[in-house]
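An overview of the molecular structure
Chain by chain, the residues run as shown.
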Amino acid sequence: MRLNIAGQYRINRGVILNHCRFWGLSLALAMLAAHAVQAAAPVTIHISTIHGKMKYDVESFEVDPGAEVTLIFKNEDEMQHNWLLLKPGSKTLVVAQKAWALGIEAVKKDYVPDMPEVLFHTKVVNPRETTSITFTAPMELGQYPYVCTLPGHVYSMKGMMRVGGSPIALRDLQYSYYEGEWTSLPDFSKLTPKKSAAIPSQKIDIAVAERADHFGMTFKGSLVVKKADELTFKLSSDDGSRLLVDGKAVIENDGIHPAGDPKTGKVAFEAGIHAFELQYFEATGEQALIVGVSGAGVPNLPLSVSRDTGPKTVDTSFHLHVMDKPLVIRAFVDGGPARSISVGLPGGVNYLFDPENCAVRFGWTGMFLDVGPDRGRGVDRGGGWCKILGPKFSVGYDGPVFAMGSATTKSVMRFGGYKKTGTPEFYFSVDGRDVTQKISATTDGQGLQYDFRFQEQPKESVFFHIKKDGLKVVCSAGQWQGDVLQLKPSEAAAFQVTVSPTAQP
Amino acid sequence: MKRFTLSLAPLFLSAAALVAADMRIPQGYRVETIDIPKNITLGVGGLAFNRAGELMISTREGEVWRYDTVKKTWNLFAEGLHEALGIYVDRKTDETWVMQRPEMTKLIDTDGDGKADIYKTVTAAWGLTDNYHEYAFGLVRDDAGNFYGTLNTTLSWVGWAGSDRWDIGRVHDSKMGRAAKYRGWSFMVTPQGEFVPFSNGMRSPCGLGRNKAGEIFYTDNQGDWNASSTLQQVVKGRFHGHPSSLMDDPKFAGKDLNQISVEEYDKMRTRPAIWFPHGELASSPGQPEFDETGGKFGPFEGQVIIGDQTRSNLMRAALEKVDGEYQGVVFDFIDPLQCGVVRNIFGPDGSLWTGETGRGWRSVGEVLFGLQRVVWDGQTVPTEMHHVSLTADGFEITFTQPMKREQLVDAATYAVKSWGYLYQGEYGSPKLDETSFPVTNIKASVDNTKVSFTVPLKEAKVYQITLRNLKSHADQPVTNPTGYYTLNHLRK
């Protein structure tokens, strides 16, 4: 009977619905199943590796039993990968470890261990290469894991092929989106949605909301249950939600609250098609809507897009907060050169020092830095651009800052390092003359104060260049000529410059 | 943070124990795992011991930790570095240098509070773009006080990091290029801080080491122009085989590197001292660490231990000079550890400390970073091939202890085959002309610790020698019965 319910829903859902009215569901299913199995259409599945992520881009797909499956496997990564399809219930790690243990045989065998668990596999595919294999999908319904067995890849590089689909599935899912301010679920039937649409992925997802606060959504569709059983639903949301099946509330989760532990509701189902509706509203703050179901042999089937684990939404941030001491961090920063030194000062003024040109490139106020892109949140390779966490302000950087002897001299700047403790000081030389630049926040907390000190008094005039447009620039010494400050040797030994934006950024 | 922990925890639990149970390790050795406090992410990039015998650890996360191996305390020495993939501590003066992506830096603790205050730039003479693959590795120092480091080539991949400067210096469609100056070079830094470009043709030169004589070696990773991973001697002016770096070689100024044929590059390059057969033994080797413990680590004084970042194993290589160049044999040693091994250092007591990271590439084992220590018990003699030497007409194997004579002299004990590799801009290489040989003319030494045999020899081949069921006189099997000898030069 299980086999008879093989994945025909995708092929001829409309026919099933028609038949149901007259003959009852099971008979219709049995008839159609035989047809579906024979007629399982050949299918082509495209799977690529994602560069640098140690992942397949497709982590689950569905085929009909007995279908001829052509897998086109493209390696977009810089490392070698393979693809092994395993029997249902196989432990991917155990299979991978057997592959690693092949030792000197591994390469010759394409990292495919000699185990009954392995059904089909590609060869090891080199970077930028594509391979394809064709196989006949098993007749037995179930979930067939797939995995890359090159050393270490198993931890993130895997997925699931479903044969005949899940015994429980959402179909014909549609959402309606509403806007309004509520403290509990409104009567959506009396409201006009701002937009409505079908959801081809059949996954509940609130990401289509057009704003973060004060909106509501309904999700309506058919819950297809292929095996009679008691189903357990779990629902968690921020803020309120309600789950209805066949028009009856299964879980009430109304009101304003954080997502918290899921609420549970149980319903005994006959095999068949049931009306499904989920209502949700968000007042302010965090948003979440997580719903899942278990039963009919399915341990846990998420019905919503998981915002916890979805590849697009993994929280990769790693915020560094400045407390009572300055923080000095070397990493790539969005908008900075490859060699960048970011400094966060207590009080919420931050800046980026460019050690190649020995000058501050820009400043920002507020929170300091998200170094998640550099650290890969402990998972990825990192090396991405870190993000500044506050509004940027200009400090008038416009190329080289110092020129010795004349305003047009191309003086050689050489970075020498920095003092990290206390208020950070930067060391560099201008045409061989050692300079210290101490950088602190201006007293109004809106700009930066530079204290320059030449180790030895220079013998010629020093020219200091800053693009003053839009800035308030105050100097302790020297004469301005346009954007160039000319300092006599005696003035240059120690001088101060403050730079603040004149208007709010 | 909470979310992250939740999503990974089940994965780690399910993986635990499986790997450890299967670890292959010679008799007399044990592996200890160091507990790392929960708040520390220790993606190890460099290891060094200071004057007090504390372990200084630089990390991919940009920190330098001081670990007291006796009290087991952790103190932060420096932070905010840009991927600190190497550290060197002068054990007489405690002066400390790190290699980070943008520069080589001296870390100075001016007030003696145990934390660096001055981060002094020693040199930043190489080019750097925002390409994440432009790693800088180090640091070793010669007896004259010169430092050595290596610079990774640029990943030439569409779409990385959003930069438009990736497609520079690719030669014959290579996957790695040179988007900035001196990518693919090793360099020397004099005690005065002068940057001296040293050798070129490197691809992913993750690890550097030096032997007692002060000779420098590095490992490279399999990929374009690298048929398999390698151990190579770093000699001034040497070309190691990846052509992108030649853009910065004055001898090639103004030349189009794509007009130079693979055959010409092949003639220019120096062949590696050791090939690590890809996948079989290593996929991404790290630092070579020479055993100069005076026997505290067992019977392998003078040999070199190398870890692999992907396979999480330790390998052991014995080099010999033939016709003026190093070549030699490599064996698996301990396989696997808990995580990818990139750094090794022998401690003052002769134990081997291994620094581990799996982040981004993943490695065999369930953890993403770690620190382990390999200790020899000081008495048990492991049952291993100590080394394999090339003879005029075959090989001589020296064992760590007497073996069973009847097996030693039996040709059925030995399975020998050889193969070559392609030198090409494409990724990796298949094995070429894989050929098996019977061994003849077997001679065992009187004390049963050596055996020699004759096989047909050819240059530019890897010879794989596997012992079939050979046991010691004390009836112990050989823990790692396969050795790979890289034959570049015949004995003349």
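Residues numbered from 1 in each chain as written. Chains lettered and ligands numbered in written order. Predicted model: local features only at pLDDT ≥ 70, side-chain atom pairs only at ≥ 80, totals over all residues. Heavy atoms only, no water.

**Topic: the overall build of chain B**
- Counting secondary structure elements, chain B contains 4 helices and 34 strands.
- Relative to a compact globule of 492 residues, whose C-alpha radius of gyration would be 23 Å, chain B shows 23 Å and is just as compact.
- With respect to the three principal axes, the spread of C-alpha positions in chain B is 65 × 60 × 50 Å.
- The burial tally for chain B puts 66% of its 492 residues in the buried class.
- A total accessible area of about 17,300 Å² is found for chain B, and carbon and sulfur atoms account for 51% of it.
- The distance from the centre of the 53 positive side-chain charges to the centre of the 60 negative ones in chain B is 1 Å. (Helix = DSSP H or I, 4+ residues; strand = E, 2+ residues; numbered from the N terminus. Rg over C-alpha atoms; globule rule 2.2 N^0.38 Å. Buried < 20%, exposed > 50% of the residue type's maximum accessible area, 1.4 Å probe, protein only. Areas by Shrake-Rupley, 256 points an atom, 1.4 Å probe, with all protein chains shown as cover. Lys, Arg positive; Asp, Glu negative; His and termini not counted. Charge placed at Lys NZ, Arg CZ, Asp CG, Glu CD.)

**Section: the environment of Tyr-146 of chain A**
Residue and element names in this part refer to chain A.
- Considering the arrangement of structural elements, one finds Tyr-146 in strand β8 (residues 142-147).
- Here Tyr-146 falls in the buried class, since its relative accessible area comes to 0%.
- Once the C-alpha coordinates of Tyr-146 and Ile-439 are considered, the two residues, 293 residues apart in sequence, prove to be 55 Å apart.

**Some details on the domain arrangement of chain B**
All names here are of chain B.
- Splitting chain B by domain gives domain 1 (37-287 + 321-338) and domain 2 (385-487).
- With centres defined by C-alpha atoms, the gap from domain 1 to domain 2 works out at 32 Å.
- On the domain 2 side, the residues contacting the 35 residues of domain 1 number 26 residues.
- Both faces considered, domain 1 and domain 2 share a buried interface measuring about 2,300 Å² in area, 56% of it formed by carbon and sulfur atoms.
- For the domain 1 face of the interface with domain 2, the top three residues by lost area are Ala-227, Trp-275 and Phe-331, together amounting to 23%. (Domains from an automatic or database assignment. Contact = heavy atoms within 4.5 Å. Buried area = accessible area lost by both parts, 1.4 Å probe.)

**With respect to the pattern of salt bridges**
- Within this structure, the stated rule accounts for 45 salt bridges over all chains.
- Here Lys-321 of chain B and Glu-215 of chain B are joined by a salt bridge, their closest N and O atoms 3.5 Å apart. Taken as a pair, Lys-321 of chain B in strand β22 (residues 314-322) and Glu-215 of chain B in the loop between β16 (207-210) and β17 (216-220) lie far apart in primary sequence, 106 residues in all.
- Judged by relative accessible area, Lys-321 of chain B falls into the partly exposed class, the value being 44%.
- Of the charged contacts, one joins Lys-431 of chain B and Glu-280 of chain B as a salt bridge, the two residues approaching to 2.3 Å between their closest N and O atoms. With Lys-431 of chain B in strand β30 (residues 431-437) and Glu-280 of chain B in the loop between β19 (274-276) and β20 (285-290), this pair connects stretches of sequence that are 151 residues apart.
- Three or more residues joined by partner-sharing salt bridges are found here, namely Glu-179, Lys-194, Lys-195, Glu-210 and Arg-211 of chain A. (Salt bridge = Lys/Arg side-chain N within 4 Å of Asp/Glu carboxyl O.)

**A closer look at the environment of Ile-72 of chain A**
Residue and element names in this part refer to chain A.
- With respect to the helices and strands, the residue Ile-72 is situated in strand β4 (residues 68-74).
- With 385 residues separating them along the chain, Ile-72 and Gln-457 place their C-alpha atoms 70 Å apart.
- Apart from the residues lying within four places of it in its own chain, the contact partners of Ile-72 are Thr-44, Ile-45, His-46, Ile-47, Thr-130, Thr-131 and Ser-132.

**Some details on the nonpolar core**
- Counting 52 residues, the largest nonpolar core has Phe-353, Phe-402, Leu-448, Tyr-450 and Phe-464 of chain A as the members making the most contacts within it.
- Apart from residues lying up to four places away in sequence, Phe-353 of chain A is in contact with Ser-340, Ile-341, Cys-358, Ala-359, Val-360, Phe-415, Phe-426, Phe-428, Gln-437 and Ile-439 of chain A. (Core = buried A, V, L, I, M, F, W, Y, C linked by side-chain atoms within 4.5 Å.)

**Structural notes on the interface of chain B and chain A**
- Of the residues lining the interface, 63 residues belong to chain B; the matching set on chain A comes to 55 residues.
- For the pair chain B and chain A, the interface holds 2 salt bridges.
- A salt bridge links Lys-420 of chain A to Glu-79 of chain B, with the shortest nitrogen-to-oxygen separation between them at 3.1 Å.
- Our count for the contact surface shared by chain B and chain A stands at 23 residue pairs in polar contact (both at pLDDT 80 or more). (Polar contact = N/O pair within 3.5 Å; in protein donor to acceptor, adjacent residues only side chain to side chain.)

**Observations concerning the confidence of the model for chain B**
- With 94% of its residues at a pLDDT of 70 or more, chain B has an overall mean of 93.
- Scored below 50 in pLDDT, residues 1-20 of chain B makes 24 contacts in the model with residues more than four places away or belonging to other chains. (pLDDT = per-residue confidence, 0-100.)

**Thoughts on the sheet that holds strand β2 (residues 55-56) of chain A**
All names here are of chain A.
- Taken in spatial order, the 4 strands line up as β2-β1-β4-β7 in an open sheet, and their pairing is mixed. Two strands lie at the open edges of the sheet, namely β2 and β7 (130-136), each paired on one side alone.
- Sheet topology note: the β4/β7 ladder contains 7 bridges and is antiparallel. Its bridge partner lying in β7, Leu-71 is registered against Ile-133. (Pairing = 2+ DSSP bridges.)

**Thoughts on the confidence of the model for chain A**
All names here are of chain A.
- Per-residue confidence for chain A gives a mean pLDDT of 86; residues scoring 70 or more make up 89%.
- When the elements of chain A are averaged for pLDDT, helix α1 (residues 9-23) gives the smallest value, 33, and strand β30 (residues 425-430) the largest, 98.
- Residue range residues 1-39 is modelled with pLDDT below 50. Its contacts to residues more than four positions away, or to other chains, number 45 contacts.

**What about the sheet that holds β17 of chain B?**
All names here are of chain B.
- Here we have 4 strands laid out as an open sheet, ordered β16-β17-β18-β19, and antiparallel in their pairing. Strand pairing shows two members of the sheet lacking a second neighbour, β16 and β19, which therefore form its edges. For this sheet, the mean inter-axis angle between neighbouring strands, taken without regard to orientation, is 25°.
- Both β17 and strand β18 (residues 229-234) contribute to a ladder of 5 bridges, which runs antiparallel. The partner of Ile-216 across the bridge, within β18, is Val-234. (Axes fitted to C-alpha atoms, helices over the stretch in contact; angles between N-to-C directions.)

**A look at the side chain of Ser-461 of chain A**
- Following the sequence through the fold, Ser-461 of chain A ends up in the loop between β32 (448-454) and β33 (462-465).
- Among all residues touching Ser-461 of chain A, those that are not within four sequence positions of it are Ala-403, Met-404, Gly-405, Gln-486, Leu-487, Lys-488 and Pro-489 of chain A.

**A word on the packing of aromatic side chains**
- Here the structure, examined in full by the defined rule, presents 59 aromatic pairs over all chains.
- Measuring from ring centre to ring centre gives 6.1 Å for Phe-402 of chain A and Phe-454 of chain A, while their planes differ by 80°; the resulting arrangement is edge-to-face. In this pair, Phe-402 of chain A sits in strand β28 (residues 402-404) while Phe-454 of chain A sits in strand β32, placing the two residues 52 residues apart along the sequence.
- Its relative accessible area of 4% is what places Phe-454 of chain A among the buried residues.
- Ring centres 4.8 Å apart and planes at 55° place the aromatic pair Trp-275 of chain B and Tyr-421 of chain B in the tilted group. Taken together, the residues Trp-275 of chain B in strand β19 and Tyr-421 of chain B in strand β29 (residues 414-421) connect sequence positions 146 residues apart. In terms of burial, Trp-275 of chain B and Tyr-421 of chain B fall into one category: buried.
- Against the face of Tyr-177 of chain A rests Lys-195 of chain A, its NZ or CZ located 5.5 Å from the ring centre. (Phe/Tyr/Trp six-rings, centres within 6.5 Å; stacked < 30°, edge-to-face > 60°. Lys NZ or Arg CZ within 6 Å of the ring centre and 35° of its normal.)

**Considering unusual backbone geometry**
- Residue Leu-139 of chain B is reached from Gly-138 of chain B by a cis peptide bond, and omega for that bond is -15°.
- Structurally, the position occupied by Leu-139 of chain B is in strand β10 (residues 136-141).
- Cis peptide bonds are those with omega within 30 degrees of zero, and the linkage from Asp-335 of chain B to Pro-336 of chain B qualifies with -10°.
- As for its placement among the helices and strands, Pro-336 of chain B is situated in the loop between β23 (325-334) and β24 (341-346).
- The backbone of Met-54 of chain A sits at a positive phi, close to 55°, despite the residue not being glycine.
- With respect to the helices, strands and loops of the structure, Met-54 of chain A is situated in the loop between β1 (43-50) and β2.
- Its identity as a non-glycine residue notwithstanding, Asp-172 of chain A has a phi of 55°, on the positive side.
- The residue Asp-172 of chain A is located in strand β10 (residues 168-179) in this model.
- Asp-172 of chain A gets classed as partly exposed once you look at its relative accessible area, which sits at 36%.

**Digging into the pairing of β30 of chain A**
Residue and element names in this part refer to chain A.
- Most of β30 is tucked away, with 5 of its 6 residues classed as buried.
- Pairing geometry for strand β29 (residues 413-419) and β30, over 6 bridges, is antiparallel. Across the sheet, residue Arg-414 finds its bridge partner in β30, namely Ser-429.
- Two strands pair when backbone bridges link them, and β30 and strand β31 (residues 433-441) are joined in this way by 6 bridges, in the antiparallel orientation. Each bridged residue has a counterpart across the sheet, and for Phe-428 the counterpart in β31 is Val-435.

**A few points about the side chain of Asp-130 of chain B**
- Its place among the elements puts Asp-130 of chain B in the loop between β9 (118-123) and β10.
- Within polar-contact distance, the side chain of Asp-130 of chain B engages the side chain of Trp-385 of chain A at 3.4 Å.

**A few points about the environment of Phe-333 of chain B**
Residues and elements named next belong to chain B.
- Within the secondary structure, Phe-333 is located in strand β23.
- Residue Phe-333 is classed as buried on the basis of its relative accessible area of 0%.
- As a C-alpha pair, Phe-333 and Arg-24 span 309 residues in sequence and 7.7 Å in three-dimensional space.
- Apart from the residues within four sequence positions on either side, Phe-333 is in contact with Arg-24, Ile-25, Pro-26, Tyr-29, Phe-297, Phe-300, Ile-305, Leu-314, Met-315, Arg-316 and Asn-480.

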